[in-house]
Amino acid sequence: MDFALNDDQRAIQDAARQFADAELAPHSAEWDETKHFPVDVMRHAAEMGFCGIYTGEEHGGMALGRVEAALIFEELSRGDVSTAAFISIHNMATWMIDKFGSDDLRARYVPRLTTMELIASYCLTEPGSGSDAAGLRTTAKRDGDHWVLNGSKAFISGAGTSDVYVVMARTGGDGPKGISTFVIEKDAPGLSFGAQEKKMGWNSQPTAIVAFDDCRIPAANLLGKEGDGFRYAMMGLDGGRLNIAACSLGGARLALETTQAYVTTRKQFGKPLSDFQNTQFKLADMATQLEACRLMVLRGAWAIDTNHPEKTKWCAMAKRMTTDACFQIADEALQLHGGYGYLKDYPLERIVRDLRVHRILEGTNEIMRVITAREMLRQ
């Protein structure tokens, strides 16, 4: 068992850290305040390979593993949680097209997705089916050389701006085996978008409903096989859960680093806060939690890379533990700043707002417990 990163992994980690320090961190507060979607900066990230991290090399991806992806997303999110999280979603959608698409679909979309000439969104959740994802109601019916979709998707990151939507819709009976996946372009007839949601966090990315009203797409835009779409969606989410967990690591790490610097200079009762044992205990607990979570994320990433039979369980465990603990780390960091932590002069309140949603999306943490227990009881 070797916990050390190899030379390539350290180089990738350093490159992501330098990019985040130069391109993300200086603008994070402004993007949050103005709700700016930094497409130009994300395209700079694509130039470094960060928008096709585990997509194959044939169409411009880096063909790296999920361990490397976790390292990258931790560093990017230390610069800006919200933007890093959107890049992770784009990676998931791009990987799904590259992994399951026909040669034609892959050639048409993947080269422009890895450069982020095209931006991708992932569309599973619906207004009436969140945790019960297999109960989705959006339908796709075959009509000659086309599929016609009706229904809607909710809470879709990138909606209205993204160029490509990876959409799960019902083509058969009830349950997961009646679901297929489609690739739909922004200008498809019958596709529309709702008003932008007003959110607590993740303000540097747009979020809206995606609606299908007799939306017609070519039959060739079916991704993979009819009836396999839910399986594709869940395979995407194994990695997506780790990506979001890694984004939580980066945000919590920035919160801890900011707090460590603050408590050494802030004085109360005639001495720095760092001299109080209560503060020391809090810092020690925060650092321990952060390190434990990182190990869980890397173990889950290793499980996907090695196709371990328990990969789904380990990814769910890592996502649940990490997103809960990292939110608590950020909240504790804000508390240690006192009233200053509540001000936008410091990054703490933004980190708390951005990390809160990680406990909900990519499967709520309650569903992560369901998955973990289900996998345990199968054995």
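Here the structure is shown first, and the text comes after it.
The sections below set out a description of the structure shown in this document.

As for the overall build of the chain
Within the chain, the secondary structure is distributed over 11 helices and 10 strands. Compactness check: the chain gives a C-alpha radius of gyration of 21 Å against a globular reference of 21 Å for 379 residues, within 12% of the reference. Counting only C-alpha atoms, the chain reaches 80 × 50 × 40 Å along its principal axes. By the burial criterion, 55% of the 379 residues in the chain qualify as buried. Long-range pairs, those at least 24 residues apart, make up 73% of the contacts in the chain between residues at least 6 apart in sequence. A total accessible area of about 16400 Å² is found for the chain, and carbon and sulfur atoms account for 52% of it.

Section: the side chain of Arg170
On the secondary structure map, Arg170 appears in strand β4 (residues 164-170). A distance of 3.1 Å separates the side chain of Arg170 from the backbone oxygen of Leu136, its partner in a polar contact. Apart from the residues lying within four places of it in its own chain, the contact partners of Arg170 are Ala134, Gly135, Leu136, Thr138, Thr139, Ala140, Gly175, Gly178 and Ile179.

Remarks on the side chain of Ser180
Relative to the assigned elements, Ser180 resides in strand β5 (residues 179-185). For Ser180, a relative accessible area of 0% translates into the label buried. In this structure the side chain of Ser180 is engaged in a polar contact, spanning 2.7 Å, whose partner is the side chain of Thr171. Polar side-chain contacts of Ser180 include one of 2.8 Å to the backbone nitrogen of Gly227. Residue contacts for Ser180: discarding those within four places in its chain leaves Val167, Met168, Ala169, Thr171, Leu222, Glu226, Gly227 and Gly229.

Things to note about unusual backbone geometry
One non-glycine residue, Ala63, lies in the positive phi region at around 55 degrees. Classification of Ala63 as partly exposed rests on a relative accessible area of 42%. For Asn307, which is not a glycine, the phi torsion comes out positive at approximately 55 degrees.

Digging into the packing of aromatic side chains
Scanning the entire structure with this criterion turns up 11 aromatic pairs. With 5.4 Å between their ring centres and 40 degrees between their planes, Tyr165 and Phe193 make a pair best called tilted. Here Tyr165, found in strand β4, pairs with Phe193, found in strand β6 (residues 191-193); they are 28 residues apart in sequence, far enough to count as distant. With a relative accessible area of 0%, Tyr165 lands in the buried category. Note on Phe269 and Phe276: the rings are 6.4 Å apart at their centroids and 75 degrees apart in plane angle, and the pair reads as edge-to-face. Given the relative accessible area of 78%, Phe269 is considered exposed.

How each quantity is defined
- Residues numbered from 1 in each chain as written.
- Predicted model: local features only at pLDDT ≥ 70, side-chain atom pairs only at ≥ 80, totals over all residues.
- Heavy atoms only, no water.
- Helix = DSSP H or I, 4+ residues; strand = E, 2+ residues; numbered from the N terminus.
- Rg over C-alpha atoms; globule rule 2.2 N^0.38 Å.
- Buried < 20%, exposed > 50% of the residue type's maximum accessible area, 1.4 Å probe, protein only.
- Contact = heavy atoms within 4.5 Å.
- Areas by Shrake-Rupley, 256 points an atom, 1.4 Å probe, with all protein chains shown as cover.
- Polar contact = N/O pair within 3.5 Å; in protein donor to acceptor, adjacent residues only side chain to side chain.
- Phe/Tyr/Trp six-rings, centres within 6.5 Å; stacked < 30°, edge-to-face > 60°.

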